[in-house]
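What follows is the residue order along each chain.
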Number of protein chains: 6
Amino acid sequence: MIKGKKMLVVSAHAADFVWRSGGTIAKYIKEGAEVTVVVLSFGVRGESNDLWKQPDATAESVKEIRKGETLAAAETLAVKNIEFWDLVDYPMQFNSELEERMVRKIRETQPDIILTHDRFDYLNPDHNRVSEFVFECSVISNSSGARLEGTKVTKQMRIFGFEPHQTEMSNFRPNSIIDITDVYEQKIAAMKCFKAQSHLIEYYTQRAFMRGNHARRVSGNNSYKYAESFANYFPTAGPELY
Amino acid sequence: MIKGKKMLVVSAHAADFVWRSGGTIAKYIKEGAEVTVVVLSFGVRGESNDLWKQPDATAESVKEIRKGETLAAAETLAVKNIEFWDLVDYPMQFNSELEERMVRKIRETQPDIILTHDRFDYLNPDHNRVSEFVFECSVISNSSGARLEGTKVTKQMRIFGFEPHQTEMSNFRPNSIIDITDVYEQKIAAMKCFKAQSHLIEYYTQRAFMRGNHARRVSGNNSYKYAESFANYFPTAGPELY
Amino acid sequence: MIKGKKMLVVSAHAADFVWRSGGTIAKYIKEGAEVTVVVLSFGVRGESNDLWKQPDATAESVKEIRKGETLAAAETLAVKNIEFWDLVDYPMQFNSELEERMVRKIRETQPDIILTHDRFDYLNPDHNRVSEFVFECSVISNSSGARLEGTKVTKQMRIFGFEPHQTEMSNFRPNSIIDITDVYEQKIAAMKCFKAQSHLIEYYTQRAFMRGNHARRVSGNNSYKYAESFANYFPTAGPELY
Amino acid sequence: MIKGKKMLVVSAHAADFVWRSGGTIAKYIKEGAEVTVVVLSFGVRGESNDLWKQPDATAESVKEIRKGETLAAAETLAVKNIEFWDLVDYPMQFNSELEERMVRKIRETQPDIILTHDRFDYLNPDHNRVSEFVFECSVISNSSGARLEGTKVTKQMRIFGFEPHQTEMSNFRPNSIIDITDVYEQKIAAMKCFKAQSHLIEYYTQRAFMRGNHARRVSGNNSYKYAESFANYFPTAGPELY
Amino acid sequence: MIKGKKMLVVSAHAADFVWRSGGTIAKYIKEGAEVTVVVLSFGVRGESNDLWKQPDATAESVKEIRKGETLAAAETLAVKNIEFWDLVDYPMQFNSELEERMVRKIRETQPDIILTHDRFDYLNPDHNRVSEFVFECSVISNSSGARLEGTKVTKQMRIFGFEPHQTEMSNFRPNSIIDITDVYEQKIAAMKCFKAQSHLIEYYTQRAFMRGNHARRVSGNNSYKYAESFANYFPTAGPELY
Amino acid sequence: MIKGKKMLVVSAHAADFVWRSGGTIAKYIKEGAEVTVVVLSFGVRGESNDLWKQPDATAESVKEIRKGETLAAAETLAVKNIEFWDLVDYPMQFNSELEERMVRKIRETQPDIILTHDRFDYLNPDHNRVSEFVFECSVISNSSGARLEGTKVTKQMRIFGFEPHQTEMSNFRPNSIIDITDVYEQKIAAMKCFKAQSHLIEYYTQRAFMRGNHARRVSGNNSYKYAESFANYFPTAGPELY
């Protein structure tokens, strides 16, 4: 039952959540989930190579463009709640203040599900740090003893890792393959908002096709055409085998 | 939705399916699934140590006792369909004839779910061979080109591996932890049918408690008291994150 | 230096070598290598699902179609030496006679390179057995003491594993990513010969694109557009870091 | 083609680059590569046990001896460019300033190849930190958006990890085994410069022999007598299978 | 020979050493070892959920209760030397000052054995940091060049990792299973001191039973009823196979 | 306590037990253990390359030479009980008859310790099969229900795997490093008996040196000069941490 679920998405750089979970976000929203997106950085240093090719590019001009593109993409996915923390990237660094801010955000949103980077990305040190940061903050958020004025302790939520850029070199194992066939056009449209990373649009289009093939293969359900995959941080627990 | 699901359980030795999945079987039956159990051997050589302590024990007498105990356990779990292939154990060996028999059984039952041994058990070579055998037969069963008179090709089913005796030495990773709280008494009663392996009753009683703790821990749901865990051979695919 | 290299390709089923190494084969031939392909089975049982949908399909008719398609694909890739062993598939089984036949084939071709299935494919038991079979035969072929009338002992050759269908679930790690940009059209044309597996044509088209992205990413060479990847069974040894 | 290649070597402690890559460095220089060595620390605390046995040893006296030995070793290997950053070791710690310094060094040398510590050394926490530090700095160096006055963005270079002291406990997998037979005497002479770690001279002499055996074994080339091995951080990409 | 051995136990939170090694500690003391326990934090934030349910609980009141419980547990195990560092938990953070303090503690106690958290706990970031911290401090303590006024360099000690809460998800592999049958009552009594974590008492009672089963299984020694297990950081070295 | 221990060594080819465990065997015998060696094959096909260089070599002549060399080596190590099963090698194949023979041998010798090949050797398929064969036979031997006239069921023994030729590529992890300093000369003398594999004498001489270095490193005991290492199939269980 997706309806009524609360999902918090934490994205290291501006476009990460679109490439890696745009379809799943659109689907969850369409079916009645409440989704909040936190974008930690604009990816000015590490993920804006094409923008820097402009002769007069500055950190500020790049940031503005990235922000506009990200808002457009979020709108395409029907994301209503999005915020930008504007951290420096490459390398992204965390401290106690940011940790308190994230714990507060988790307690404020009381998520059933957190989507963020998976535990290991062999090419991208920022993604690894975000994964560790979000996981630690979730542990603190769930601890009764971690007192923060004006917050309410959370219950253990499900946490899922994005599929990284180069899957098998990052030890990624998909646990949940999500059918995004009926929101596929939204994802394509959202990806097209990012002009600085145009080579990735086709890349993630094709990955959706490939994961769609795997979804059919392991389920025998031929209606699945496009999909995204995620690793879960914990086993499932409940009444039924998944 | 458990109701209407068809489940095929393949157990290397007579009691394996009770220790490792008795609660899940009872639960699935209670909620309306159709369960078929295939017991490949009586475990006369490798899993009847206590019975052999009788001065006049013979392979035949041991087998009779094991069969009676297994039927009693199955009845306790409400299993209606159970069959015994009476293979020799330690080592269990397969051939083309057994393979055809298993493919026919899979096609006859058209299972949504197969429960059997997981891919690696560091202490029990029979379990490893059964895992490989069942998996291969499932692949053949799903292949249109594997023609067998009077059978109907199956669709890709879900396959789950039992938790082995010593989990972490066998590289076992639980993917699905199944809450068996409301059928727990049935599982205990079923385990008590096996007099030859009395030391295992307490062992699997305690494991149910331990997995219940983990179920609460990863879900935040405190109603889970007892549980069993399984590894899945494939990722899930579908509309929702699990 | 590709020119003059001798390559032996061993394919479990008729089309495996095309999906997984068609570009690399075409490239090696174009640059002057001698390539020999051994097709162990026609994939009648496990990899001809579409062909079996014909109401009057028989094992013989399926085989004929597969053979014709495979020869056409081989021709497209400019493969001159190809042979069919016509083994039964799903499950594929080996014995001493087949082993001697393969050792003889290896000694006859004296390959610098063997391409075959990688050590583990989580979905395809035949591929695993072929990997083990070919590796064992290579060890025997290289052993002075394994006397076979009319054969000449081989030197240790390089062995590379194909990328399996679902990479990361099969623990596949690419070691060599081969740029196939200039033979890409040949690969596409060769894949189109296989009517029974039409869904795989797009799948492997997209994989070539994805591996092309990775090739650019790890090399910084932007001329690489399409690629295939392989795992090597052994480390490289020589004068230079690769 | 080694001639003209630019190689940057980053060594946690003074002698690491000699034990682990002295032969490869000598070979690359001999065949026309330009090699730059950065020595991050003198290893005063953790790798100078014998020197501290002198009754009047001080950090300063130990450092002087280590520096002299390292310069002598570098000269033996024909290294012309070497610099000492004089960090404290055990534990070695990095910060933003050191990071900028390393990014500048990478951009200044524009390396085709970086040699440094591999991702995991089970006995030596400094080596792990250096590996992470150098990798992160390489990512930043390659990013167009990481602007540093007076520097030129680099292209993705190859990165190789040294074989650690106890290989198999550190999950090290050799990908490239480099034949150092023709520069072996230089390596031996360079190692002999380090009086404080005399027990390591025989150790690495024997490892060169052992890796020479492996080089012959996997290549069939019997001219390889001595070798060093490296793990590569990325797959190879290009026209040929390695 | 346990008699005369010196053991240093480093526990992230107040009760960790009791759940995970209470039996082994009691046994070592009983047989003549000298045991020192360092408790890094009281676990006020992360491991005192039940205590925080008191309406008027404060960090100070929680800490007082935890300290009292821990002292009582230590006394039950006959531990004479215990100290509390009173660090903040969740997240626990280390710095140079704490590092020097730990190196001094190691050199002061000159342990043959260090017991602490194992390298990876998938649920508990504090445990991972303590593992890394203690290991690094042990390396420094063993280094002649790490001069600290008034301390004596240590010899390489054995280091063992506690079994984490959820074993197989944390990649834990037991190397030493310690029979605690004759001190079992002491461990039970010690665990009962912790009122804030009452659900763990039964959990670790049952784990002792489960590890007792494994101890019998791998040794054939039926006198082992209850056990604790540990991973060793290094292989054993000596005259005998263990 | 080595005195009185019973050890069974199972060697795939004639010289394997000498290269990989000759020192440990000599030491155990010297200190009062009873050692029995079973040599499964003479290694005529796969491990006698130098002998086959004789122009008139035949399988029979090679076998005779290997047998003489092996007996001489065994004598040097003071092995009194050795038997040759004369199986064909490359590939070595097992059947029910050989299995019964091995179970009988295990029950006859009632070993405390079995030494044989470890679970995975990436270069040598025979070694993998022997490992699996011996392990399965040990399981059967320990089973009360596996009745064999004239035999006595065994208790669970310790099983240790030899270090394979190329350690890290075979996933080998040493658990027990055995100091062989005081029997080192015997091992060297025993190795020198094998003229057909002269290149291995230096190889294993140097490995003994390397493992001696590791033994000192992990124990701090500087009297260890030469060593052999083994993986254990099971954790230790008993009163003490190893």
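Remember, predicted model here, so these are calculated numbers, not experimental data.

Considering the environment of Asp86(C)
Residues and elements named next belong to chain C.
Inference 1: Structurally, Asp 86 can be placed in strand 3 (residues 81–87).
Inference 2: Taking the relative accessible area as the measure of exposure, Asp 86 reaches 38% and is therefore partly exposed.
Inference 3: At 3.1 Å, the side chain of Asp 86 forms a polar contact with the side chain of Lys 63.

Side note on the interface of chain D and chain C
Where interface size is quoted, it is often the accessible area lost as the parts come together.
Inference 1: Taken together, the contact between chain D and chain C spans 36 residues of the former and 36 residues of the latter.
Inference 2: For the pair chain D and chain C, the two sides together bury roughly 3100 Å², of which 55% comes from carbon and sulfur.
Inference 3: Linking chain D with chain C are two salt bridges.
Inference 4: As a salt-bridge pair, Glu240(D) and Lys5(C) come within 3.6 Å of each other at their nearest N and O atoms.
Inference 5: Of all the elements in the fold, those that place two or more residues in the side of chain D that touches chain C are helix 1 (16–30), strand 4 (113–117), strand 5 (158–162), strand 6 (176–179), helix 6 (198–219), strand 7 (227–232) and strand 8 (236–238) of chain D.

Things to note about the relation of the copies chain D and chain C
Inference 1: Mapping chain D onto chain C is achieved by rotating through 180° and translating by 0.0 Å along the same axis, at an RMSD of 0.0 Å. Taken together, the rotation angle and the small translation identify this as a two-fold axis. Minimal C-alpha separation from the rotation axis in chain D is found for Tyr242(D), amounting to 3.7 Å.
Inference 2: A symmetric contact is evident, with 100% of the interface residues of chain D recurring at the interface of chain C.

Concerning the side chain of Glu168(D)
Inference 1: Here Glu168(D) is to be found in the loop between strand 5 and strand 6.
Inference 2: Using a relative accessible area of 6% as the deciding quantity, one classes Glu168(D) as buried.
Inference 3: At 3.2 Å, the side chain of Glu168(D) and the side chain of Gln166(D) are in polar contact.
Inference 4: Residues contacting Glu168(D), with those up to four places away along its chain left out, are Thr167(F), Glu168(F), Phe172(F), Arg173(F), Pro174(F) and Arg211(F).

Some points on the relation of the copies chain F and chain E
Inference 1: Relative to chain E, chain F is turned by 180° and slid 0.0 Å along the rotation axis, the superposed coordinates differing by an RMSD of 0.0 Å.
Inference 2: Counting the interface residues of chain F, we find that 100% of their copies in chain E are interface residues as well, pointing to one common contact surface.

Here's the deal with the sheet that holds strand 7 of chain D
Inference 1: Here eight strands make up an open sheet; going across it, the order is 8(C)-6(D)-7(D)-5(D)-4(D)-1(D)-2(D)-3(D) and the pairing mixed. In the strand order of this sheet, the two ends are held by strand 8 (236–238) of chain C together with strand 3 (81–87) of chain D, each with one partner. The sheet shows a mean angle of 25° between the axes of neighbouring strands, direction not considered.
Inference 2: Examined bridge by bridge, strand 1 (residues 6–11) of chain D and strand 4 of chain D share three bridges and lie parallel to one another. Considered in strand 4 of chain D, the bridge of Met7(D) is made with Ile113(D).
Inference 3: Against the sheet, helix 2 (residues 59–76) of chain D touches strand 2 (34–41) and strand 3 of chain D, its axis set at about 160° to strand 3 of chain D.

Some remarks on the arrangement of the chains
Inference 1: With no contact between them, chain B and chain D keep their nearest C-alpha atoms 17 Å apart.
Inference 2: A gap remains between chain C and chain E, which never touch, and the nearest two C-alpha atoms on either side lie 17 Å apart.

Remarks on the sheet that holds strand 3 (residues 81–87) of chain B
Sheet strands pair via backbone hydrogen bonds, and the direction of the pair is either parallel or antiparallel.
Inference 1: Sheet architecture is open: eight strands sit in the order 8(A)-6(B)-7(B)-5(B)-4(B)-1(B)-2(B)-3(B), paired in mixed fashion. With one partner strand each, in any of the chains shown, strand 8 (236–238) of chain A together with strand 3 of chain B form the two edges of the open sheet. Direction aside, the axes of adjacent strands within the sheet are offset by 25° on average.
Inference 2: Of the pairings in the sheet, the one linking strand 6 (residues 176–179) of chain B to strand 7 (residues 227–232) of chain B comprises four bridges and is antiparallel in character. Of the residues in strand 7 of chain B, the one forming a bridge with Ile177(B) is Ser229(B).
Inference 3: Helix 1 (residues 16–30) of chain B contacts strand 1 (6–11), strand 2 (34–41), strand 3, strand 4 (113–117), strand 5 (158–162), strand 6 and strand 7 of chain B of the sheet and is inclined by roughly 100° relative to strand 7 of chain B.

Thresholds, definitions, all that
- Residues numbered from 1 in each chain as written.
- Chains lettered and ligands numbered in written order.
- Predicted model: local features only at pLDDT ≥ 70, side-chain atom pairs only at ≥ 80, totals over all residues.
- Heavy atoms only, no water.
- Helix = DSSP H or I, 4+ residues; strand = E, 2+ residues; numbered from the N terminus.
- Buried < 20%, exposed > 50% of the residue type's maximum accessible area, 1.4 Å probe, protein only.
- Polar contact = N/O pair within 3.5 Å; in protein donor to acceptor, adjacent residues only side chain to side chain.
- Contact = heavy atoms within 4.5 Å.
- Buried area = accessible area lost by both parts, 1.4 Å probe.
- Salt bridge = Lys/Arg side-chain N within 4 Å of Asp/Glu carboxyl O.
- Least-squares fit on C-alpha atoms with pLDDT ≥ 70 in both.
- Pairing = 2+ DSSP bridges.
- Axes fitted to C-alpha atoms, helices over the stretch in contact; angles between N-to-C directions.

So, to be careful, I would describe these as geometric facts and stop short of saying anything about function.
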